[in-house]
2 protein chains.
Amino acid sequence: MTHLLLVDDEQDMVDLVTMYLENAGYTVSAALNGDEAEKKLRELGPDLILLDIMMPGRDGFTVCESIRSYSDVPIIFLTARGEEWDKVRAFSLGGDDYIVKPFSPGEMTARIQAVLRRFGSSTEKRETIRYQTLSIDIHSRTVKVDGTVVGLTMKEFDLLVFLAKKRGRIFSREELLETVWGAQYSGGTRTVDTHIKTLRMKLKHEGASIETVWGIGYKFVDGSV
Amino acid sequence: MTHLLLVDDEQDMVDLVTMYLENAGYTVSAALNGDEAEKKLRELGPDLILLDIMMPGRDGFTVCESIRSYSDVPIIFLTARGEEWDKVRAFSLGGDDYIVKPFSPGEMTARIQAVLRRFGSSTEKRETIRYQTLSIDIHSRTVKVDGTVVGLTMKEFDLLVFLAKKRGRIFSREELLETVWGAQYSGGTRTVDTHIKTLRMKLKHEGASIETVWGIGYKFVDGSV
DNA sequence: ACCGGTGTGAAGTAAGTGTGAAAAAACACT
DNA sequence: AGTGTTTTTTCACACTTACTTCACACCGGT
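Residues numbered from 1 in each chain as written. Chains lettered and ligands numbered in written order. Predicted model: local features only at pLDDT ≥ 70, side-chain atom pairs only at ≥ 80, totals over all residues. Heavy atoms only, no water.

1. What to know about the interface of chain B and chain A
Quick note on the threshold: Two residues qualify as a contact provided that any one of their heavy atoms is within 4.5 Å of a heavy atom in the partner residue. What counts as buried area is the accessible surface, traced by a 1.4 Å probe, that two parts surrender upon association, with contributions from both included. Each salt bridge in this description consists of a side-chain nitrogen of Lys or Arg and a carboxyl oxygen of Asp or Glu lying within 4 Å of one another. Any pair of N or O atoms that falls within 3.5 Å is considered a polar contact. Within protein, one atom must be able to donate a hydrogen and the other to accept it, and sequence-neighbouring residues count only if both atoms are side-chain atoms. Put simply, DSSP H or I for four residues or longer makes a helix, DSSP E for two residues or longer makes a strand, and each gets a number counted from the N terminus. Residues are grouped as follows: Ala, Val, Leu, Ile, Met, Phe, Trp, Tyr, Cys and Pro are nonpolar; Asp, Glu, Lys and Arg are charged; every other residue, Gly included, is polar.
Each side of the interface is counted separately: chain B has eleven residues, and chain A has twelve residues. Buried area between chain B and chain A, summed over both chains or domains, comes out near 960 Å², and the portion from carbon and sulfur atoms is 50%. The largest contributions to the chain B side of the interface with chain A come from Arg-117, Ser-140 and Met-154 of chain B, which together make up 43% of the buried area. Where chain B touches chain A, the interface holds zero salt bridges. There are two residue pairs in polar contact (both at pLDDT 80 or more) connecting chain B and chain A. Contributing elements (two or more residues each) for the side of chain B that touches chain A: α5 (105–118) and β8 (142–145) of chain B. When residues in the side of chain B that touches chain A are grouped by element, the largest group, three residues, is from α5 of chain B. Its residues assigned to classes, the side of chain B that touches chain A shows two nonpolar, three polar and six charged.

So this is what it looks like as structure tokens:
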């Protein structure tokens, strides 16, 4: 049974959406603010959170950021049409999707299912690497920049994941060939350059996250150092 | 503290390489032949072995083969340029990497770190040098002044690290060329001056930390002495 | 004031990297 | 097996960067 946590400060909206979702076969818990949401998240361990952005006190962004520091639970933002909000920020904070109110029951369940499917079975813990507006889902091999999917080939993806997992550390072309391509690879080292090039291009502005260390190799920047 | 065992029959080479490695922060033991090497391996349990191939008596290959029958310690082969040797055999016997002489200190430490990292050596530490508003991260080769990153080239970085690690001590240009550039360097000593100049410029107000000792060389100031 | 040591800016030189295109290889689909 | 598509690798060239050298100005100590 899939269990959802709905976070919204308006009781009317909570009642309406709860009805939608229960009709669709989910069990639903509700929280009226961020603190209550995090409490219930720990107690109930829901499979997905629907999080309203506009709330008195801590807004949805703040709550999401807090949750992401200890949990990878999927989060879908709720926002009213015409409301001023930052789509890029939503994804960079670790949001997985968003729904604009008012929405139909069908749209809501479709999006929930899509997100859950993307995460695989609810028991399977997914691994996601995030850096600014870049998110890398290891299991589905999906890379997003600003929330839009970027199509990467196998080698490109493996290379990106390896660098992003060890951000801040420098790897020579030989090391990258050995770990990403495999020890039996026998070609030239310039192949790495070409893949770095296409990665930078496909990642658009996030391509700058992969830096050249002159005379040594490449590294993924580490903002914390 | 990472401990290395250096095996080479030439005393000059042992002295030189030992100096390189101790400057890089390792402790070093030396053995002049295969028997001594295996004895010290059992007694000291080093984290990595640097093994010269061309040695009188048992050569490096034979020693490696013998060691591999009872130990998985990482082994890096040393070989002179142009020397006849079998790269494939080196790896098939269980070697982890090789370095061609003559080599620069930077190349040597880079390869050692790479091998240790591949083995997931727990002794690897995140080393940071700090002095006032200056911070130097050895592994990511990142230098910050007042919290903002300063882009240094390879030689500039190596030179700064060497001076900053031994703050207060004075080094002649010849000493700096030998330890930072490597023994095979053959150019003039004024190159050091130029690198000092750019370092001082790039480090902004922290550039004053590198002082000229007239008629002798340079030193990194030591505030505590 | 002298003389050798040092700071500095501007060159030259060598090496490393970015890039576009083409070749080669892997793959999918008949 | 044959075809077409995508991915991967190679290559050549242009470009950037790091390193070194040099000339000249400046400085420090005697």
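Once the structure has been displayed, the description carries forward.
2. A closer look at the protein's contact with DNA strand C
To keep things clear, this is the line we draw: Here a residue is near a molecule or strand as soon as one of its heavy atoms is found within 4 Å of it.
Among the 22 residues in the neighbourhood of DNA strand C, the closest are listed as Lys-197, Thr-212 and Tyr-218 of chain A together with Thr-212 and Tyr-218 of chain B. Sugar plus phosphate, as a fraction of atoms of DNA strand C within 4 Å of the protein: 57%. Between Arg-200 of chain B and DNA strand C, the recorded distance is 2.9 Å, taken from a side-chain N or O atom to a phosphate oxygen. For DNA strand C, a phosphate oxygen lies 2.8 Å from a polar atom in the side chain of Tyr-218 of chain B. Listed by contribution, the elements that provide at least two residues to the surface near DNA strand C are α8 (190–202) and β11 (210–213) of chain A together with α8 (190–202) and β11 (210–213) of chain B. Class assignment of the residues belonging to the surface near DNA strand C gives a composition of eight nonpolar, four polar and ten charged.

3. Description of the sheet that holds strand β4 (residues 75–80) of chain B
Residues and elements named next belong to chain B. For clarity, the cut-off: Criterion used throughout: strands pair if DSSP finds at least two bridges between them. Lines are fitted to the C-alpha atoms to define the axes, a helix being fitted only along its stretch in contact, and any angle between axes, read from their N-to-C directions, falls within 0 to 180 degrees.
Strands sit in the order β2-β1-β3-β4-β5 across an open sheet of five strands; the sheet is parallel. Two strands close off the open sheet at either side, each with one partner strand: β2 (27–31) and β5 (97–101). Averaged over all adjacent pairs, the angle separating strand axes in this sheet is 20°, with direction ignored. Relative to β5, β4 runs parallel, the two sharing five bridges. From the neighbouring strand, Phe-77 faces β5, where its bridge partner is Tyr-98. This element, α5, spans β1 (3–7), β3 (48–52), β4 and β5 of the sheet and lies at about 175° to β5.

4. Points about the packing of helix α7 (residues 173–181) of chain A against α8 of chain A
All names here are of chain A. To keep things clear, this is the line we draw: Reported orientations rely on four angle classes, namely roughly parallel under 35 degrees, roughly antiparallel over 145, roughly perpendicular from 65 to 115, and oblique for the rest.
Running from amino to carboxyl end, α7 crosses α8 at an angle of 75°, the nearest separation of the two axes being 9 Å. As the angle between them shows, α7 and α8 are arranged roughly perpendicular. Here Arg-173, Leu-176, Leu-177 and Trp-181 of α7 come into contact with α8, specifically with Thr-191, Val-192, Asp-193 and His-195. Considered class by class, the residues forming the contact of α7 with α8 number four nonpolar, two polar and two charged.

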